[in-house]
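Reading the structure
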Amino acid sequence: GLGSPILQVTTPMLSAFKKNCPTVVIYRFKAPSVNCLNIGTEATIENPKIEFCRVYFKYLKEKIAKYTFQFMPNGDPNDAENETLTMYVSSVTPYADVCYKNTRLRWVGTTSMSSTFGSGFFKLLKLSDESPSLTDHLDENFPDPTNPLLASRDALANTSSLPPLARFSDKQSSSIPKKRLLRHGDIKLIEVFNSGNKDSILDIPYCSLVISSLALVLRDQEIKKYHGNARYYDTSLATTNVFY
């Protein structure tokens, strides 16, 4: 698995016009293996990727929308290990809330749904117990948009006593292909590395793949807002050297 891709994000054709069609499909690459058919030089390489996650987007009431992530760790839609996560975004707040492993998390630095410009930098924080979250209302009976829960100026919205758990940045993106590839940005996250080769796709924790998938969907959301204009970049979110 050295030097192999990890995830691939695709958008189904005309997904907005198809009922129950995912907005985004994320594939996970497997370490390639070669099955020799005979003693000669011919060999076949199996399909190197499996369907890892289907992402659905839906507008809700009170100017709130949600992304539903259907994760399939083994590529089987009917596997018992599959799980579903919901991430909420709002036309009022410049952040996205998600609850993972019974932990309330917030992506800070994204722009609201109604924003014209996209963001080139956002990070993942663990919310304090005092900070309200859109995930507090899993029944989707949200309060009035003027409630502090949805206010973009909420003093607790962008703060945490812990360092960021992950971040995305397009600061080092490229406009000229290098080795036939364009660099759109970087995802960095904190994970526990036990053993194995850190450059191999065989040793990536499952939770890292989940967090990376969330970041890739938000990156897709933000880049669709560019509309040929200058990107929005909140420098106040980059005052620390964490992840730089």
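Residues numbered from 1 in each chain as written. Predicted model: local features only at pLDDT ≥ 70, side-chain atom pairs only at ≥ 80, totals over all residues. Heavy atoms only, no water.

**A look at the sheet that holds strand S12 (residues 186-189)**
Sheets are built from strands that pair by backbone hydrogen bonding, the pairs being arranged parallel or antiparallel. A sheet is described by the order of its strands in space; here 10 strands give the open sequence S1-S2-S5-S6-S7-S8-S9-S10-S11-S12, paired in antiparallel fashion. Looking at strand neighbours, the two that pair on one side only are strand S1 (7-10) and S12, the edges of this open sheet. Shown here is a sheet whose adjacent strand axes are inclined to one another by a mean of 20°, direction ignored. Across six bridges, strand S8 (residues 95-100) lies against strand S9 (residues 103-108) in antiparallel orientation. Of the residues in S9, the one forming a bridge with Asp 97 is Arg 106. Relative to strand S6 (residues 64-71), helix H1 (residues 206-223) is tilted by about 140°, and along the sheet it contacts S1, strand S2 (24-29), strand S5 (49-59), S6, strand S7 (83-90), S8, S9, strand S10 (121-126), strand S11 (166-169) and S12. (Pairing = 2+ DSSP bridges. Helix = DSSP H or I, 4+ residues; strand = E, 2+ residues; numbered from the N terminus. Axes fitted to C-alpha atoms, helices over the stretch in contact; angles between N-to-C directions. Contact = heavy atoms within 4.5 Å.)

**Quick word on the pairing of S7**
Of the pairings in the sheet, the one linking S6 to S7 comprises eight bridges and is antiparallel in character. What sits directly across from Gln 70, in S7, is Thr 84. In this structure, S7 lies alongside S8, joined through three bridges in antiparallel fashion. In the strand pairing of S8, Val 89 is matched with Ala 96. From the end of S7 to the start of S8, which pair antiparallel, there are four residues.

**As for the pairing of S11**
Residue alternation in S11 divides its side chains into two sets, Ala 166 and Phe 168 and Arg 167 and Ser 169, and both sets are buried. Pairing of S11 with S12 involves four bridges; the strand directions are antiparallel. From the neighbouring strand, Ala 166 faces S12, where its bridge partner is Leu 189. (Buried < 20%, exposed > 50% of the residue type's maximum accessible area, 1.4 Å probe, protein only.)

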